[in-house]
Each structure stands twice: as structure tokens, then as C-alpha cells.
Amino acid sequence: MKGLWLYLHFPLLPLEMQCRADVREPAALLDERAARLLLCNTASQAQGLEPGMAVARALSMVPNLRLLQGDVKQAAQQLEGLALWSGRFSARISLQPPCGVLLELASMLRYFRGLDLLWENIQTQLQALELSCVSATGHTPLAARVLALDGGFCAADATDHLRRLQSVPIGRLELEARQRERLQGLGFSRLGELLALPAVELAHRFGPGLTAWLERLTGQRPDPPTYFEIPAVFLRELPLAFEVERTEALLFGLRRLLAQLEGFLRAHYWRALRLQLDLLQAQGQQSLVVGHAQGAQSADTWLELCRLRLERVTLDRPVIGLRLGVTEFRELEAGREDLFSTAVAQDAPTQLLSRLQMRLGEQSLYRVAPCADYRPERSWKEAPLDGALPALPDTPAVRPLWLLASPELLARSTVGSVIKLLQGPERIVSGWWDQQPVRRDYYIGCWPDGRRGWLYCEPGGDWYLHGWFG
Amino acid sequence: MSLEQLLERGAVWRASDTATEPRVAGVSCGHAELDQMLHGQGWQSGSLVEVLYETEGCGELRLLLPLLAMSTDRWVLWIDPPHIPYAPALKAAGVALERLLIVRSNSRRDRLWCLEQALKSGCCSAVLGWLGEVPQAALRRLQLAAAEGGGLGFIFRSSTCRHQGSAASYRLLLEPEQAPDTLAVSVLKRRGGWPLPRRVLSLRRKGCGRQTALLASSPGASSAQVRAGG
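Residues numbered from 1 in each chain as written. Chains lettered and ligands numbered in written order. Predicted model: local features only at pLDDT ≥ 70, side-chain atom pairs only at ≥ 80, totals over all residues.

Overview of the overall build of chain A
Here is step 1 of the chain: Counting secondary structure elements, chain A contains 14 helices and 18 strands.
Here is step 2 of the chain: The buried share of chain A, reckoned over its 470 residues, is 35%.
Here is step 3 of the chain: When contacts within chain A are restricted to residue pairs at least 6 apart in sequence, those whose partners lie at least 24 apart make up 56%. (Helix = DSSP H or I, 4+ residues; strand = E, 2+ residues; numbered from the N terminus. Buried ≥ 20, exposed ≤ 12 C-beta atoms within 10 Å, placed from the backbone. Contact = placed C-beta atoms within 7 Å.)

And the structure:
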């Protein structure tokens, strides 16, 4: 089978993971000793800063430069996050440190109906990620990498790739610096000139390392990458570059985590039912649970639910990081959606219910069910949204549609004169076993304006209103 | 503002338009007399119905019971009812409790938001909401949401709101009646027609053998039913 690979190169990954890609203000990442700039975003490059510059000089040129501290361990985590995100496009992903991800595409072309559609799809999703990225295809993993570092390329055929490789400048190749200088010293400027030479001569002059590299590049020598294994558990952390005090400001970081979650779920053919979102603070954390009754994969669906949940949260302390975990999964069974549904603009009911639950809290939605008890206030109960309700025989007597939450005392003189008794009494004596005995005579009464109420008389002679025939 | 501008904004309803307005089969409200008042077709789906009454107990739920009993597979939402919807009585009236959902919101803003979401989603056969004072713009939003989702929205408000303008497609004013199982309805506004004056409806349902939440009609009947529980 012909190979086709995609290399995604994120040149500013460690920097942009800490702040937005499109941010207007200049920012730069420091090296380990915090003396020189390692990476500059587009805004700071526009003002004349470049990697390798001393911090003091950079600050004198751009006083409002935001300096960010790099972290090697964190960088590896970020790359893994991107690999999870790309799980939506390919099952075979390879991490290419420091800031690249390699995807195997040949086996996915059929599923995505051709390279053009897949490419378009990838580019839109990349935009949503808000990271600067250069992507290139290649007929070998190394070709894809070389072309991505040279500015990007997209083609399906090996011949196109070979032709494009010819024009890559030697200076852009990831060779040892000494070897690159030697090649340039000999007058080579493009990769094509190197490829035209006989391999034996090259090996003789530059050692077998270079020819092996060129053979891996052109595909004459197999070069299987080490694949990234998608973990079975999703638990990701995202440190925020600055302290956040308003919940809306968390959505940006959350969107990235949810994009990774979507890739993770798609790669496993799972949908998530319940997420746990921890808002990490300098001391302690605030934990939220976000649920979807039927389970969902899409980052957009989850983002909306999280947004609704976050609206109800007041932050105790500023948030410095986010942690997202999935606490409940379900397999994604195929053919769940109804293809032939004629209805338009219909959400799945579970979607609506999840949305309402997120905004109002889970206990704010309930069903009502009859209960086997003679006391009217105990003959109904709140029931959860799913599951069967108990099947009970109907009450033979007439009952009002409205029940008052607590019976309302009526003036004794009004009953019988102002309020006419139409029907009754119905005596209810019950509850002697659980210390809440009831001994009442219920009547249906007619109010002067014609309304019908349900009232009862206690042995002491007090009258109470207990319901309305609504 | 000129008349043309008013017409363009839809602020003026023209009686001559009714003939050309396409008639879609509506949802029967279960009371033949009321159906007749609504051009013999019941409620047009995708509309907001505003029900005005003074206090609970005049028959506002019994008016909707036939409609609610017909809905068995889709959800019916009750948003912030003023009292407890009493499950035994609803069950006896044939309402599918499996699909009846009570929603308790925390504020007026949440209440309007819930109503709008539920109406928009199109997955509820009816959405019932109890609202107090709300701005007119909110009602317009709800009417638009109902039109988008294609369901029916019922909002219950105090009869003191009767003189305020409203974007709801239908407005009914309910008043209790002395005779049992009757209710006086005035149609303040309806789709494709003029308002109708007060008329007394019977809430008794034909062909319904089960004893529903309707009241027995014999006043003074006092057969003591003694029930000793336990």
C-alpha cells in the first residue's frame, strides 16, 4: 500500500498553550536559564524581537513584553494533548518532539472521502484550536516532516512529494550543524542537488548516516514510526498563564481540553456521560460535575453544558489551572441516530433536559408519581427523570389537581356560610405508626366566586384548605 | 410613524389578511366548544397561548387536561407551577406521568430561559409556565421560540395583565362559574379572527368513563366515606 502521512508542526506550541495565538500583545518564552528568548509570538516578532535575543535587550525594545517560563515536562504533556486531539482524524498517531504530531492518513482517506475533504476538515479544526500550525503531507514520515518545516504542502502522490522535496533548501534540513555547513560549503543549496548524486559517492564522502537519512526520506528504506498509544483514562491538566477571577475567562482553556476530549472519545468509540472539572487554585480547588444524560462526544455540546454549569459558580479564589477528567463512559453504538426522522429543528429530549439540569441544578427537575399512602401530602413523591414509575391503582375518590404545599388555615366562621360545602366528608385516618397521625374529614367546597377547593376539618374543629380544583 | 411602517413591523393586524393566511390543521384542545371558538381547529401548533385568571381553582388545568392526556410519548414541562401538581389526580385524569416534568427555577430570568429553551427545542408537546410580571419583549421572544420549535406554549398570568399588549398568538381570560364543571372563557386574541366575548364552557368530557378530576355535581350529597388507614 502506498503510504501517506501528515505532519502537523506547531512552532509556537509551548508559548501558545499559555496564551492565545491571536493575542495582540507581544509575548515570548524564556529558555531554561531565563536569560534569552526561546520563542516569540507574531506580535513580538512584528516589533523586531527574535529567538536567541537577550531578555534585557528584548525588554528595552518592547517594554510591555509578556515573559513566560517554559517547562519541559509541561511541553511533553501538551504534545500528548495534541495527539489526543488528533485521534479524531487517524488511529495511528506518533509524537514527534519537541512540537510535532505525525498522523498516518493512507488508511483514513476512504473514511473521509478523499484527501481534499480531509485536508479541509483538518484545517477548519486546526483553526478552532487557535494554535499556529504548519501542516504537510508526505509519502514517508520524514518527507512530511521536512516539508512541514519548509512551510507546508499537500498532495496525494509520491511523485509530487519527490518533486517538492527537490526545492527544499539545505539550510532548513534537520541535519547536524557541522554536516549542513559542509554541504553548503561544497556549494549545495537545495535538497534536489543532493538527491541527484549517486548514493555510493555520498556515503563515501559524508558517511553512511546521510545516505540512510536520504533513503528514509525518499522511501527506499522503511521507516516505521513509534505510535502513540491512546490512554484508557482521560485526565488532563491545563495550567493557566495568569490568574482568572471570572468564570467566562475559563472557557478559552476549557475549549482546548474539550477538543482533546473529543479526539480521545472518537478514537475509543466512546461517549462521555459525566465529566469532572476541577478549577485549580493556589490553595485547594473547586470541583464541578457536568453530565449529559445520553452521553456526548462533541466538544461543542460539552462546552455549552460546561458554560451553563460555570454560570452558577462563584469562584472562591482566583483559578490558576484546569483539570478535566471523565468519570463515566459508554460505548458508542452505531446507528443510534434516526436517519429517517422527518422532524426539523428537533433536539434530542435528553439534550434539553441536560441543559436545564446544568443551569438549574439536578434537583430542580423531577417527575411526580403517586405513592401508596392515604395521607394526601404523602400520596405523591418526586421521582427521578428516568426509570419506570410505580404502577398503583387509581384513587376512587375525587382529588384536586393542585395540592397546597402546606395547608392553609381558614376562618371557622366562613366555612358553611361563605364557603359552601358541596361534597363530603371523606374521612382519612392514617399514619398512627410513624408518629405523624392524620385524622381529617375532607370536603369539597365552593367559594363565592365559583372556585372549588378541597378543605378538611380536624377533630379540634379547625378548617384548613388543602387543594384547588384547578 | 406612518401606517406603512407599522404594517411593515407587523404591529398592525389586518382583518383582510385572514382569508389569505394558510390554514394548517391545529391541535384539538379537547373541548368541542373551545375548538369551535378557535375556527373549529383548536390550537395552531407553534404558538404561544396566554391564559389569564385571577387565582388558581377556576378550572385552568381542567381546560388543558384533554390535551395533556393526549400527549403520551413526548415531554410536557411544567415550569414553576404555583402549587404541587397532585400526581394521583393527574393520573386519574389520564395524564402520562412518565413524561410530565416539573421544573423549579430560581429566578424570573431562569424561568424565561427555561421556557425559551424548551419551546425552541421542539421536543416537548406542551410547555406550561407560570409567569408574573414580564416585559413584553420577553413574551415576543417566547412566541418566536414557540414558532421555531413548533410546539405549544401555555403561559399562565394574572388577569390584571389583560390590558397589557402581548405577542402571544392566543389570549384567554378565564373566570370561575357557579355551576359545577363549567368555566367562563373570553377569547381576548386569537389567530386569524376577532376577539370573542365571554362564553361559558362545559368542562365535562364526553366518552370518558373514568372518574376524572371533574367534580361530582350533587351538592349536599354527604355519604360519609370512612377510611381507616393501616
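Details of the overall build of chain B
Here is step 1 of the chain: Tallying secondary structure elements over chain B gives six helices and ten strands in all.
Here is step 2 of the chain: The long-range share in chain B, meaning contacts at least 24 apart out of those at least 6 apart in sequence, stands at 68%.

Notes on the sheet that holds strand β8 (residues 235–244) of chain A
Residue and element names in this part refer to chain A.
Here is step 1 of the chain: An order of β8-β11-β9-β10 is seen for the four strands of this open sheet, with the pairing classed as antiparallel. Each edge of the open sheet carries a strand with a single partner, namely β8 and β10 (285–296). This sheet shows a mean twist of 20° between the axes of neighbouring strands, independent of strand direction.
Here is step 2 of the chain: Bridge count between strand β9 (residues 270–281) and strand β11 (residues 319–331): eleven bridges; the pairing is antiparallel. In the strand pairing of β11, L275 is matched with V326.
Here is step 3 of the chain: Here helix α13 (residues 299–311) sits on the sheet and contacts β9 and β10; the angle it forms with β10, its principal contact strand, is near 135°. (Pairing = 2+ DSSP bridges. Axes fitted to C-alpha atoms, helices over the stretch in contact; angles between N-to-C directions.)

Overview of the interface of chain A and chain B
Here is step 1 of the chain: With 55 residues of chain A in contact, the opposing surface of chain B contributes 53 residues.
Here is step 2 of the chain: Of all the elements in the fold, those that place two or more residues in the side of chain A that touches chain B are α14 (349–360), β12 (365–370), β14 (402–410), β15 (420–430), β17 (452–457) and β18 (463–468) of chain A.
Here is step 3 of the chain: The biggest single contributor to the side of chain A that touches chain B is β15(A), with nine residues.
Here is step 4 of the chain: Classifying every residue of the side of chain A that touches chain B by side-chain character gives 32 nonpolar, twelve polar and eleven charged.
Here is step 5 of the chain: Bridge count between β12(A) and strand β4 (residues 100–103) of chain B: two bridges; the pairing is antiparallel. Looking across to β4(B), one finds that A:Y366 is bridged to B:I102. (Nonpolar A, V, L, I, M, F, W, Y, C, P; charged D, E, K, R; others polar.)

Observations regarding the packing of α13(A) against α14(A)
Residue and element names in this part refer to chain A.
Here is step 1 of the chain: At a minimum axis separation of 7 Å, α13 and α14 run at an interaxial angle of 25°. Comparing their axes, α14 and α13 come out roughly parallel. On α14, the residues that touch L305, L308, R309 and E311 of α13 are S354, R355, M358 and R359.
Here is step 2 of the chain: Residues that form the contact of α13 with α14 fall into these classes: three nonpolar, one polar and four charged. (Parallel < 35°, antiparallel > 145°, perpendicular 65-115°, else oblique.)

Considering helix α3 (residues 60–70) of chain B
Residues and elements named next belong to chain B.
Here is step 1 of the chain: Along α3, eight of the eleven residues are buried, which leaves the element largely enclosed by surrounding structure.
Here is step 2 of the chain: The complete set of buried residues in α3 reads E60, L61, R62, L63, L64, L65, L67 and L68.
Here is step 3 of the chain: Looking at the buried positions of α3, the neighbouring elements they touch are β1 (47–53), β2 (75–79), β5 (124–130), β6 (152–158), β7 (170–176) and β8 (182–189).

Points about the nonpolar core
Here is step 1 of the chain: Judged by nonpolar contacts, the single largest core of 85 residues is most densely connected at B:V49, B:L77, B:V103, B:A126, B:V127 and B:F154.
Here is step 2 of the chain: Taken domain by domain, the makeup of this core includes at least three residues from each of domain 2 (235–332 + 347–360) and domain 3 (401–468) of chain A.
Here is step 3 of the chain: Residues within four places of B:V103 in sequence aside, it is in contact with A:L356, A:L360, A:S364, A:L365, B:L77, B:W78, B:I79, B:D80 and B:C114.
Here is step 4 of the chain: A:Y7, A:L102, A:V168 and A:L191 belong to the second-largest nonpolar core, a separate cluster that totals 77 residues. (Core = buried A, V, L, I, M, F, W, Y, C linked by C-beta atoms within 7 Å. Domains from an automatic or database assignment.)

Quick look at the confidence of the model for chain A
Here is step 1 of the chain: Looking at chain A, pLDDT values average 84 and 95% of them are 70 or higher.
Here is step 2 of the chain: Note on residues 334–345 of chain A: pLDDT under 50 across the span, and four contacts to partners over four residues away in sequence or across chains. (pLDDT = per-residue confidence, 0-100.)

Some remarks on unusual backbone geometry
Here is step 1 of the chain: Cis geometry marks the peptide bond from A:P97 to A:P98; its omega dihedral reads 5°.
Here is step 2 of the chain: Mapped onto the elements, A:P98 comes out in the loop between β5 (93–96) and β6 (100–104).
Here is step 3 of the chain: At A:Y269, a position not held by glycine, the phi torsion is positive, near 55°.
Here is step 4 of the chain: As for its placement among the helices and strands, A:Y269 is situated in the loop between α12 (251–268) and β9.
Here is step 5 of the chain: At B:D80, a residue that is not glycine, the phi angle is positive and equals roughly 55°.
Here is step 6 of the chain: Within the element layout of this structure, B:D80 appears in the loop between β2 and β3 (84–85).
Here is step 7 of the chain: A tally of 21 C-beta atoms within 10 Å means that B:D80 is categorised as buried.

Quick notes on the packing of α14(A) against helix α5 (residues 108–121) of chain B
Here is step 1 of the chain: At a minimum axis separation of 10 Å, α14(A) and α5(B) run at an interaxial angle of 170°. Taken together, α14(A) and α5(B) sit at an angle that is classed as roughly antiparallel. Within the contact between the two elements, α14(A) uses A:L352, A:R355, A:L356, A:R359 and A:L360 and α5(B) uses B:D110, B:W113, B:C114, B:Q117, B:A118 and B:S121.
Here is step 2 of the chain: Of the residues in the contact of α14(A) with α5(B), the class split is six nonpolar, two polar and three charged.

Here's the deal with the sheet that holds strand β2 (residues 27–30) of chain A
Residue and element names in this part refer to chain A.
Here is step 1 of the chain: The sheet built from three strands is open, its strands ordered β3-β2-β4 with mixed pairing. Strands at the two margins of the open sheet, each flanked by one partner only, are β3 (37–40) and β4 (66–69). With direction set aside, neighbouring strand axes in the sheet form an average angle of 35°.
Here is step 2 of the chain: In this sheet, β3 lies alongside β2 in antiparallel orientation, the contact comprising three bridges. What sits directly across from L29, in β3, is L39.

What about the confidence of the model for chain B?
Residues and elements named next belong to chain B.
Here is step 1 of the chain: Considering every residue of chain B, the mean pLDDT works out to 80; 81% of them sit at 70 or more.
Here is step 2 of the chain: Across chain B, the element-wise mean pLDDT spans from 42 in strand β10 (residues 225–228) up to 94 in β3.
Here is step 3 of the chain: Low confidence marks residues 207–230, where pLDDT is under 50. Its contacts with residues over four positions away, or in another chain, come to 53 contacts.
Here is step 4 of the chain: Scored by ipTM, the complex comes to 0.83, with pTM at 0.63.

Structural notes on the pairing of strand β7 (residues 134–138) of chain A
Residue and element names in this part refer to chain A.
Here is step 1 of the chain: Extensive coverage of β7 is indicated by the burial of four of its five residues.
Here is step 2 of the chain: Across five bridges, strand β1 (residues 5–9) lies against β7 in antiparallel orientation. Each residue of the ladder has a partner; that of L8, found in β7, is S135.

A few points about the environment of A:L175
Here is step 1 of the chain: Locating A:L175 in the fold gives a position in the loop between α7 (158–166) and α8 (177–185).
Here is step 2 of the chain: Spatially, the C-alpha atoms of A:L175 and A:W213 are 9.2 Å apart, while their sequence positions differ by 38 residues.

As for the pairing of β12(A)
Residues and elements named next belong to chain A.
Here is step 1 of the chain: Counting buried positions along β12 yields five of six residues, so the element is predominantly enclosed.
Here is step 2 of the chain: Sheet topology note: the β12/strand β13 (residues 380–383) ladder contains four bridges and is antiparallel. Directly across from P370, in β13, lies its bridge partner W380.

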